[in-house]
Structures are given as structure tokens and as C-alpha cells.
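Next come the chains, spelled out residue by residue.
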Amino acid sequence: MPELPEIEALAAFLRERITGDAIAGMQLAELSLLKTVDPPLEALLGLELTGASRAGKALVIEADGLSLVCRFARAGWLAWHAQMPAAPVRMGRGPLGLRVALASGAGFDVREAGTRKNASVALVRQLAEVPALAQAGPDALALSSADFAAALAGTRSRIKTVLEDQRVLAGIGNAWSDEILHRAGLSPFAPADGVDAESLHAVMRAVLTQACEALVGLPPDKIKAAKKRLLRVHGRTGSPCPVCGTQVAEVAFAERSLQYCSGCQTGGRKLSDRRMDRLLR
Ligand SMILES: [Zn+2]
């Protein structure tokens, strides 16, 4: 799932290209993608685009008082067209969810690969009309060290769970929480209230800021591959840790897995799946 740095890069790319352009046409190819009915999607027609930004892990396309909020889920992403394809959109076939054509002749698609359709688009007047955004905590890059410390002190949940909890802080998911904890030398299962919050906050900021710097400037079709190259442990089970050389280990469960380095993070101990079950509760 795209997280804070990837969405930041996507928003930066779009901001440069769509601001001042206008919406000339829209085609919803996957009806279940759109989660709102008022205002209708047609309300966007002819509106000037005023910007693009990020809210947590969501992309926000701004059009003269209305916000098109795109949440990509695990397999969703955006495809940019410098020139819109001429071929007509086929309903409910393949990854295309929503096609937006701009007055300039450019445009973009919201796409989702696979058969699971979990991505969503909402057209709203206020971001708080999107339940996930209304419930979200402060942005991971805006949260102060003191507020981060207060959030951690209030819970004995595993630190991995807390970092990914969008109600506590917004923007971090499975990949960047693995990376932050590796850089910090912390077990994903460490109880949050026992962690040195000040140093973890500094590491979190450094990891996210460096990832943003590496990804901003790339086009949408290059961002996901560039992200993968930045990851040191996440998705790298069996590879040597670039810090200590230990083989990266994983804890797998039904829907996903986490990766960590036992050399850097757990004093050589292997984490068991049984403890993962407890983590999820
Ligand atoms: Zn290591």
C-alpha cells in the first residue's frame, strides 16, 4: 500500500501538472470505487484544478472547493497520461477504476490491480466527510516529539501496531514501520510505553524525510519501484541486512507479513508467529 513518501511524491508530481488545468471529462469504469453520491462526480466537470496534496496515506486532488480523495489500498495507484488514450473505457474490466480527462489533453487514471477492490475515491466538500480522514491522528511528519511521546506513553500495544495506527499518527503503514523500527534498532513487538520516544521520533522523521527526498520528482510509474529500492528489510526476507549482514527474517500471517533483522532489532532472538497473533489483538 502506498504510504506517506509515495503519496507525497505523487501529489508533488500532480500539483505541478494539473494546477490551473480544468476537468474536461470523467469515466467511472469500476462503480464500486466511488464511495460518495453528493456532490455527484459530474459536479467536477469544468472546474479548475487548484492543487494536489496528501492527507495521511490519501491523495487529495483539489478542484475549486471540492476535493477528490483517492485512497489506493494495497494494489491501487495512479497512471498519468501526458496525452489521453483514444481507446474507449471498458466498464468493470481490468484495473481501470476512474479516468479523468483534463482540458489540456492530459489526464490520469485511478487503477487497482487484482480482483480485490479495496481502493476508494470520494468527492467531498470537506476532508472530514471521509470517515478515515475524520478519525485520523496528526500527520507523522507534523507530530511533535512531545505529542509522539504522549501517544506512546498511553499504550502497552506493540510499537509496530502503534506506528501503523492511523488514529494515532497518519501516513505510516507496513513497509515504512518496518523500516523505521529497523533503523531505530527496535523489535516490532516492543511495548510502546517502554520505547525511547524522543529518539524513535527523530528516526521516524529521518526515514520519512529521506524517502520523500528520494521519491519526489519521480513520475507515478517510477515511484513504486524506487520505493522498493529504498527498503532495507521490508519485503527482503532472506537477504542480508545492509547494516549487520544477518539474514532478514519475517513473521508471516494470513494477509501480510513483517520483516525485521534479528541482529539489529531483537538481540538475535527470532520472533514467533504466535506472538504475532497476540500483536494483532
Ligand atoms: Zn541488521
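See the structure above.
Residues numbered from 1 in each chain as written. Predicted model: local features only at pLDDT ≥ 70, side-chain atom pairs only at ≥ 80, totals over all residues. Heavy atoms only, no water.

A.B. asks: I would appreciate a short explanation of the pattern of salt bridges in the present structure.
C.D. replies: Working definition: two side chains of opposite charge can pair if their charged atoms are close together. In this structure the tally under the stated criterion is 13 salt bridges. In this structure, R99 and D109 form a salt bridge, with 2.7 Å as the shortest nitrogen-oxygen distance. Of this pair, R99 sits in strand β6 (residues 96–102) while D109 sits in strand β7 (residues 107–112); the two residues are ten residues apart in sequence, bridging distant segments of the chain. Overall, the relative accessible area of 0% leaves D109 in the buried class. Linking R167 and D165 is a salt bridge whose minimum nitrogen-to-oxygen distance equals 3.0 Å. Residue class for R167 comes out exposed when judged on its relative accessible area of 59%. (Salt bridge = Lys/Arg side-chain N within 4 Å of Asp/Glu carboxyl O. Helix = DSSP H or I, 4+ residues; strand = E, 2+ residues; numbered from the N terminus. Buried < 20%, exposed > 50% of the residue type's maximum accessible area, 1.4 Å probe, protein only.)

A.B. asks: Explain helix α7 (residues 220–230) to me, please; I cannot follow it from the model alone.
C.D. replies: An α-helical segment advances 3.6 residues per turn. Residues three or four places apart therefore align on the same side. Listed in full, the buried residues belonging to α7 are P220, I223, A226 and K227. Axial view of α7: buried residues confined to an arc of 105 degrees, hence all on one face. Opposite its buried face, α7 presents the exposed residues D221, K228 and R229, each directed more than 90 degrees away. (Arc of directions from axis to C-beta.)

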